[in-house]
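Residue-level structural notes
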Number of protein chains: 4
Amino acid sequence: MPEHITSIKVRYAETDRMGVVYYANYLVYFEVARTELLRALGVSYRDMEETDGIYLMVAESNVKYISPLTYDDDISVHTTLGFVKNASLSFNYRIYREGKLAAEGMTVHVCTNRSRRPVRLPDRVRTCLES
Amino acid sequence: MPEHITSIKVRYAETDRMGVVYYANYLVYFEVARTELLRALGVSYRDMEETDGIYLMVAESNVKYISPLTYDDDISVHTTLGFVKNASLSFNYRIYREGKLAAEGMTVHVCTNRSRRPVRLPDRVRTCLES
Amino acid sequence: MPEHITSIKVRYAETDRMGVVYYANYLVYFEVARTELLRALGVSYRDMEETDGIYLMVAESNVKYISPLTYDDDISVHTTLGFVKNASLSFNYRIYREGKLAAEGMTVHVCTNRSRRPVRLPDRVRTCLES
Amino acid sequence: MPEHITSIKVRYAETDRMGVVYYANYLVYFEVARTELLRALGVSYRDMEETDGIYLMVAESNVKYISPLTYDDDISVHTTLGFVKNASLSFNYRIYREGKLAAEGMTVHVCTNRSRRPVRLPDRVRTCLES
């Protein structure tokens, strides 16, 4: 499975009084990385929402925090697709700083329409993901 | 002009590596206080959006940071209406901690419909605000 | 194991363009609930950090998103202690809205000193947690 | 006064249920842009904090919201230094999307030491800023 690498610089806003990145913000990094993996596969998630009315709602998230990150750190998020089913899919993420694994995690998503009803992943999207 | 007081406890998430509340989060406190002032005046902002399709888009914000806030602080946001015009209105805020002024600011809002076009403030809302 | 219930009102800031609470913010709700559970057990986490120099760094987080939340929703976070070991502990969370389970999750924490070295949980804290 | 341009792609996390970027997040964009302007002038703000123990605490912020931003927008933050005094300085910001002004604002900062006492801006920093 090909891996996509997204570079992010940690913002001051993302740190907390412990001096490190607040734990919820890793999920924001995952979101940025997921958008970029999809784009690299030919899928604009913004268009999926705005044109197709298709949403990837998050059903589950998991993060293992291995080594803390702080302000102005340059991090790389390595992202791969996990499973792709009829109406759901998952992503796996590993965050590196200076070549060292700092965190890893995954998210599971359900494909829904504007009314938040589960629907099949559009064929066009499926084709891109399976390429 | 009557003043509404909203109590908020500072969350860990809202602090940054300087050990104090990150400056953008004061605007979140203002938002919470504004929702509660409106509710106290008989206006559910959620209903305004969901039922009337009316939005109060922010046109301007200003904050003066006087004394820092940190995790687990109990703060009070004192909120008053500023001006109320045909299609816009403003709010004034003062944040106190232990009786001491910690910040003050204001926001200006434009009343729009779902297409983000300026519209008159609904009469029902205007009546509540002028009561 | 006694359960602590924390009430939270969803803020506008916590929603995203899907119209629901952004998935990372559930971890913020967990943080608020965890602080309140500790306080109910006689432990001020702020004092732990400021007086004892003891930090509960997050080592793992997991969230299952069951039913979406939105602006102005009143939610209850039901929190229990999971395991308590020498230098680590865990919490379990269930979020309810109108009596219906909306999400559940857990966090694992490692007890560290100011230099982020693992240390034993202070006896005073352990006593409170085991009470 | 030279202007620094920072490119940012809007994250999903930064939007709200109105479908646009939540108003507090413009201050986060300003922070990112300010860090990059300082870096372009030869000042690492992270080093200022970590090595010199010097902090630029925010004393005031102002934002004028002109045209909304949304998910996946590519924006440019044009940043210039405002005034530079003994113990304070200011920045001016303009945010553009597709060549069109979307917001503008400013921040004022006080230079402090680790105890949050106002101190003179370090000579090395002053020299960089006045270059």
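Calculation rules
Each chain has its residues counted from 1, following the order in which its sequence is written. The lettering of chains begins at A and the numbering of ligands begins at 1, in the order of writing. Residue-level local features of this predicted model are given only where pLDDT is at least 70; pairs of side-chain atoms are given and counted only at 80 or more, and the full residue set underlies all totals for whole chains, interfaces and linings. Heavy atoms throughout the structure, all of them, feed into the side-chain values; hydrogens and water do not. Here a residue-residue contact requires only that any non-hydrogen atoms of the pair lie within 4.5 Å. By buried area we mean the combined loss of accessible area, with a 1.4 Å probe, across both parts when two parts are placed together. Salt bridges are defined as contacts in which a side-chain nitrogen from Lys or Arg sits within 4 Å of a carboxyl oxygen from Asp or Glu. Whenever a nitrogen or oxygen atom comes within 3.5 Å of another N or O atom, the pair is scored as a polar contact, on the condition that within protein one atom can donate a hydrogen and the other can accept it, and that pairs from neighbouring residues in sequence are kept only if both atoms are in side chains. By the criteria applied, helices consist of DSSP H or I runs no shorter than four residues and strands consist of E runs no shorter than two, each listed in order from the N terminus. Only Asp, Glu, Lys and Arg are considered charged in this grouping, and only Ala, Val, Leu, Ile, Met, Phe, Trp, Tyr, Cys and Pro are considered nonpolar; every other residue, Gly among them, is considered polar. Here, a strand pair is defined by DSSP locating no fewer than two bridges between the strands. When the copies are overlaid, the least-squares fit takes in C-alpha atoms only where the residue has pLDDT of at least 70 in both copies. Whether two aromatic rings pair depends on their centres lying within 6.5 Å, for rings of Phe, Tyr and Trp, where Trp uses its six-membered ring; planes under 30 degrees apart make the pair stacked, over 60 edge-to-face, and the rest tilted. Relative accessibility under 20% of the residue-type maximum defines a buried residue, over 50% an exposed one, and the middle range a partly exposed one, all with a 1.4 Å probe and only protein chains included. The criterion is that NZ of a Lys, or CZ of an Arg, lies within 6 Å of the ring centre and within 35 degrees of the ring normal, and then a charge sits over that ring. For this analysis, a nonpolar core means a set of buried residues of the types Ala, Val, Leu, Ile, Met, Phe, Trp, Tyr and Cys, connected via side-chain atoms within 4.5 Å. Take the residue count of a helix, subtract one, and multiply by 1.5 Å to get its expected span.

1. Brief notes about the interface of chain A and chain C
Frequently, the measure chosen for interface size is the accessible area that the parts lose on association. Each partner contributes to the interface: chain A provides 29 residues, whereas chain C provides 29 residues. Both faces combined, the contact of chain A with chain C buries some 2,500 Å², and carbon together with sulfur accounts for 53% of it. Summed over the three residues of chain A that lose the most area to chain C, namely Arg17(A), Met18(A) and Tyr23(A), the buried surface amounts to 26% of that side. The tally of links between chain A and chain C comes to six salt bridges. Our enumeration of links across chain A and chain C arrives at 22 residue pairs in polar contact (both at pLDDT 80 or more). Of all the secondary structure elements, the ones that give two or more residues to the side of chain A that touches chain C are α1 (25-40), α2 (45-52) and β2 (55-65) of chain A. A per-class count over the side of chain A that touches chain C returns 17 nonpolar, four polar and eight charged. Summarising the sheet, β2(A) and strand β2 (residues 55-65) of chain C pair through five bridges and their orientation is antiparallel. Bridging from a neighbouring strand, Lys64(A) pairs with Glu60(C) of β2(C).

2. A look at the relation of the copies chain B and chain A
Put simply, the second copy of the chain is the first one after a rotation about an axis and a shift along it. Mapping chain B onto chain A leaves a residual RMSD of 0.0 Å; the transformation is a rotation of 180° accompanied by 0.0 Å of translation along its axis. Expressed as a symmetry operation, the mapping of one chain copy onto the other fits a two-fold axis. The C-alpha atom lying nearest the rotation axis in chain B is that of Asp16(B); the distance is 1.9 Å. An overlap of 100% is found between the interface residues of chain B and their copies at the interface of chain A, pointing to a shared contact surface.

3. Focus: the packing of aromatic side chains
This structure, assessed with the given rule, holds 36 aromatic pairs over all chains. Aromatic pair Tyr22(C) and Tyr23(C): ring centres 5.2 Å apart, planes at 85°, arrangement edge-to-face. Judged by relative accessible area, which is 4%, Tyr22(C) ranks as buried. Here the aromatic cluster, defined as three or more aromatic residues joined through ring pairs, consists of Tyr22(A), Tyr23(A), Tyr26(A), Tyr29(A) and Tyr65(A). Over the face of the ring belonging to Phe83(A) we find Lys85(A), whose NZ or CZ atom lies 4.7 Å from the ring centre.

4. Re the pairing of strand β3 (residues 74-84) of chain B
All names here are of chain B. Bridge count between strand β1 (residues 4-9) and β3: six bridges; the pairing is antiparallel. When the sheet's bridge partners are listed, Ile8 is paired in β3 with Ile75. Counting the residues that bridge the hairpin from β3 to strand β4 (residues 88-97) gives three residues.

5. So, the pattern of salt bridges
Residues and elements named next belong to chain A. Summed over the entire model, instances satisfying the criterion amount to 57 salt bridges over all chains. A salt bridge links Arg124 to Asp52, with the nearest nitrogen and oxygen atoms 2.6 Å apart. Note that Arg124 is positioned in helix α3 (residues 123-130) and Asp52 in helix α2, a separation of 72 residues in sequence. A relative accessible area of 32% means that Asp52 is categorised as partly exposed.

6. Examining the relation of the copies chain A and chain C
For the pair chain A and chain C, the relating rotation is 180°, the translation along its axis is 0.0 Å, and the fit reaches an RMSD of 0.0 Å. Most of the interface of chain A is mirrored in chain C, where 100% of its interface residues are also at the interface.

7. Observations regarding the nonpolar core
The biggest cluster of nonpolar side chains holds 92 residues, and the ones touching the most others in it are Tyr29(A), Tyr45(A), Ile95(A), Tyr29(C), Tyr45(C) and Ile95(C). If we ignore the near neighbours within four places in the chain, the residues touching Ile95(C) are Tyr26(C), Tyr29(C), Phe30(C), Leu69(C), Ile75(C), Ser76(C), Val77(C), Lys100(C), Leu101(C), Ala102(C) and Ala103(C). Membership of the second largest hydrophobic core comes to 91 residues, among which are Ala102(B), Tyr71(C), Tyr29(D) and Leu121(D).

8. Notes on helix α1 (residues 25-40) of chain B
All names here are of chain B. Between the first and last C-alpha of α1 there are 23 Å, a value that for 16 residues agrees with the 22 Å anticipated at 1.5 Å per step. The buried count for α1 comes to 14 of 16 residues, which makes it a mostly enclosed element. Where α1 ends, the next residue or the one after it, Gly42, has phi of about 95°, a positive value.

9. Points about the pairing of strand β5 (residues 100-112) of chain B
Looking at chain direction, strand β2 (residues 55-65) of chain B and β5(B) are connected through ten bridges and run antiparallel. Its bridge partner being in β5(B), Leu56(B) is matched across the sheet by Cys111(B).

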